[in-house]
Amino acid sequence: MAATILQAIAAHARERVAAAEEETSLDALQAQCRALGRAHGSPFRSALETPGLSFLCEVKKASPSKGVIAPDFPYRDIARDYQAAGADAISCLTEPKWFLGSDQIFREIRGAVSLPMLRKDFTVDEYQLYQARLMGADCVLLICALLDTDELARYLGICEELGLDALAEAHDAWEIASAVSAGAKIIGVNNRNLKDFSVDFSNAARLRDQIPPGVLYVAESGVRAPEDVSALKRIGADAVLVGEALMRAPDRGAMLSALREAAR
Ligand SMILES: O=P(O)(O)OC[C@@H](O)[C@@H](O)c1c[nH]c2ccccc12
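Rules behind the numbers
Residues numbered from 1 in each chain as written. Predicted model: local features only at pLDDT ≥ 70, side-chain atom pairs only at ≥ 80, totals over all residues. Near = placed C-beta within 6 Å. Helix = DSSP H or I, 4+ residues; strand = E, 2+ residues; numbered from the N terminus. Nonpolar A, V, L, I, M, F, W, Y, C, P; charged D, E, K, R; others polar. Axes fitted to C-alpha atoms, helices over the stretch in contact; angles between N-to-C directions. Left-handed = near helix turned anticlockwise from the far one by under 90°. Contact = placed C-beta atoms within 7 Å. Pairing = 2+ DSSP bridges. pLDDT = per-residue confidence, 0-100.

Our next topic: the site of the ligand. Taken together, 15 residues are adjacent to the ligand, and Glu220, Ser221, Leu241, Gly243 and Glu244 come closest. Only strand 10 (239-242) and helix 11 (244-248) provide two or more residues apiece to the shell around the ligand. For the shell around the ligand, the per-class residue count stands at four nonpolar, four polar and seven charged.

A few words on the packing of helix 4 (residues 75-84) against helix 12 (residues 252-262). Packing of helix 4 against helix 12 leaves a shortest axis separation of 9 Å and a crossing angle of 35 degrees. Judged by the twist between their axes, the crossing of helix 4 over helix 12 is right-handed. Packed against helix 4, whose contacting residues are Ile78, Asp81, Tyr82 and Ala84, the element helix 12 presents Arg252, Gly253 and Leu256 at the interface. Class assignment of the residues belonging to the contact of helix 4 with helix 12 gives a composition of four nonpolar, one polar and two charged.

Ordered in space as 1-4-5-6-7-8-9-10, the eight strands form a closed barrel in which the pairing is parallel. Averaged over neighbouring strand pairs, the angle between their axes works out to 25 degrees when direction is ignored. Two elements, strand 4 (residues 89-93) and strand 5 (residues 117-120), share four bridges in a ladder whose sense is parallel. For Cys92, the partnering residue across the bridge sits in strand 5 and is Arg119. Against the sheet, helix 5 (residues 103-112) contacts strand 1 (54-59), strand 4 and strand 5, and its axis sits at roughly 160 degrees relative to strand 4. This element, helix 8 (residues 173-182), spans strand 7 (165-170) and strand 8 (186-190) of the sheet and lies at about 155 degrees to strand 7.

Turning to the confidence of the model for the protein, a few remarks are in order. Here the protein averages 97 in pLDDT, and 99% of its residues register 70 or above. ipTM for the predicted complex: 0.97, alongside a pTM of 0.97.

Right under this line is the structure:
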């Protein structure tokens, strides 16, 4: 079977971890985290728990399916615009090869806004969880298609120790069941299939009932217009993750305001 792009991205993530470990060992990273102490307060989770639909706004220069989305990429200004227009949290891609993100971009945005931040990367190693804590992330992404239930549970345990929230991302009922049994408290259902990048906007709605009460529910990808937001609000999503539509908008603040209006 031909390797999917997801597998290629994951393999590259493993190489990135190996290269980073040459510089700083896992032990050293863990010691730095201990010195920093556990993060307090779960601001990411709290942002989702507030009544109404929360907006997770993504800072993303490129993607494997679309190539470069934002040639001009004033990422700090973009994050500030999101914050000014009422975003509840920011999702920042740090994957360098396909999404043209970086840890440095994350850190700079962290310094520019006060909103909770999701470090969006392809978690394949616990090393990345400690990295996330040290770059000031409030939440990490755990993609169920890359991790079995035991790994998910182990990573969720490390996140708990570090005081990080975790967004477990699923694409089908089976992956949701895995996330639930691993103990995920925030589950995202992606409308985009990461194996072939096709987007089926009804996916998040169709799988809504699979998410148990008490687990926060994030609908991800393919939100283009106010009516998409209203549809996700109707099914009782706690949050929506919007990337490309905001990144391409000539006036990002105005676009976010229009989307938020549709969620009222
Ligand atoms: O740009 P969109 O269609 O609004 O989608 C945003 C976000 O959901 C998408 O970037 C995403 C969802 N899950 C991911 C996992 C890895 C990288 C990216 C993603």
